[in-house]
Amino acid sequence: MTVKSTELVRTVFSKGEYPPPLRREIAFAGRSNVGKSSLLNSLFGRKLAKTSSTPGKTRSINFYGVNREIYFVDLPGYGYAKASMSEREKWKKLIIDYFESREELSLVVVLVDIRHPLQPADIQMLEWVTYYTIPFILVLTKADKLSRNQQIIAEKSIKDELASLGVYPPVFVVSAVKKQGIEELLIALL
Ligand SMILES: Nc1nc2c(ncn2[C@@H]2O[C@H](COP(=O)(O)OP(=O)(O)O)[C@@H](O)[C@H]2O)c(=O)[nH]1
Ligand SMILES: [Mg+2]
């Protein structure tokens, strides 16, 4: 299957305002600035999701319809250092409500910058998806920032971290800039 059509169906700022479900739903989670919007645009084959070099901007859940059949859901970025306590609480409530509300949610794609070890906010997300028993995969972003050799070493070290947390998700290495790994990921998602 290929991406034939994409559209922004709804932007949600508060709990419960979700659009009617499609047959399947895949959510994308990751720290602010990890490259989530860029990855979505690479998967869509067009610039539909807003990208920004200013972290901490997205406070909403964006529902993108793919082929009028699957939602790709852009969850608000986490781990933004300058976020206030109340912003963090609001973010947490929104994500938890989302996970608890969406029966069709079949996969969470957790994005992690390939250059860094897992951060507390990443581990929190892994704990949530485990708690809600939602299948998940890891996508290591910005691979172009490392050489091929460094990519292999970084992937191995993140897999070791995952193993030490007792989780063994499939891991994909991508670059939105170089279009590395995009086709493979798309095949796995569709
Ligand atoms: N080198 C490189 N930079 C990237 C890549 N993906 C995103 N970026 C940059 O990282 C920043 C944040 O990207 P964005 O997609 O808006 O991240 P989001 O906050 O997770 O949605 C922007 O400056 C992007 O240009 C990538 O694959 N390689
Ligand atoms: Mg974004």
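Just so it is clear, the model here is predicted, and its values are computed rather than measured.

Description of the overall build of the protein chain
Secondary structure assignment for the protein chain yields 5 helices and 7 strands. Ordered by position from N to C terminus, the α and β elements of the protein chain give β-β-α-β-β-α-β-α-β-α-β-α. Viewed in the frame of its principal axes, the protein chain has a C-alpha envelope of about 45 × 40 × 30 Å. Out of the 190 residues belonging to the protein chain, those deemed buried represent 48%. Partitioning the contacts of the protein chain with sequence separation of at least 6, the portion at a separation of at least 24 is 74%. If you sum the accessible surface of the protein chain, you get close to 9,900 Å²; carbon and sulfur atoms cover 53% of it. The averaged location of the 20 negative side-chain charges in the protein chain is 7 Å from the averaged location of its 27 positive side-chain charges.

A look at the packing of helix α2 (residues 85-101) against helix α3 (residues 120-131)
The contact between α2 and α3 brings their axes to 11 Å, and the two run at 25°. For the element pair α2 / α3, the angle class is roughly parallel. α3 is crossed by α2, and the crossing has right-handed handedness. Residues W91, K92, I95, I96 and F99 of α2 pack against M125, W128 and V129 of α3. For the contact of α2 with α3, the residue count by class is 7 nonpolar, no polar and 1 charged.

Quick notes on the site of ligand 1
For ligand 1, the set of nearby residues contains 15 residues, the closest of which are N33, K36, S38, D144 and A176. Here V177 contributes a backbone N or O atom positioned 3.4 Å from an oxygen atom of ligand 1. Within the complex, 79% of the 570 Å² of free accessible area of ligand 1 lies under protein. Across the shell around ligand 1, the residue classes tally to 3 nonpolar, 8 polar and 4 charged.

Comments concerning the side chain of T6
By secondary structure assignment, the location of T6 is in strand β1 (residues 6-12). For T6, a relative accessible area of 12% translates into the label buried. Each residue touching T6, except ones within four places of it in the same chain, is listed here: F44, R46, L48, G65 and V66.

Cut-offs used in this document
- Residues numbered from 1 in each chain as written.
- Chains lettered and ligands numbered in written order.
- Predicted model: local features only at pLDDT ≥ 70, side-chain atom pairs only at ≥ 80, totals over all residues.
- Heavy atoms only, no water.
- Helix = DSSP H or I, 4+ residues; strand = E, 2+ residues; numbered from the N terminus.
- Buried < 20%, exposed > 50% of the residue type's maximum accessible area, 1.4 Å probe, protein only.
- Contact = heavy atoms within 4.5 Å.
- Areas by Shrake-Rupley, 256 points an atom, 1.4 Å probe, with all protein chains shown as cover.
- Lys, Arg positive; Asp, Glu negative; His and termini not counted.
- Charge placed at Lys NZ, Arg CZ, Asp CG, Glu CD.
- Axes fitted to C-alpha atoms, helices over the stretch in contact; angles between N-to-C directions.
- Parallel < 35°, antiparallel > 145°, perpendicular 65-115°, else oblique.
- Left-handed = near helix turned anticlockwise from the far one by under 90°.
- Nonpolar A, V, L, I, M, F, W, Y, C, P; charged D, E, K, R; others polar.
- Near = heavy atom within 4 Å.
- Polar contact = N/O pair within 3.5 Å; in protein donor to acceptor, adjacent residues only side chain to side chain.

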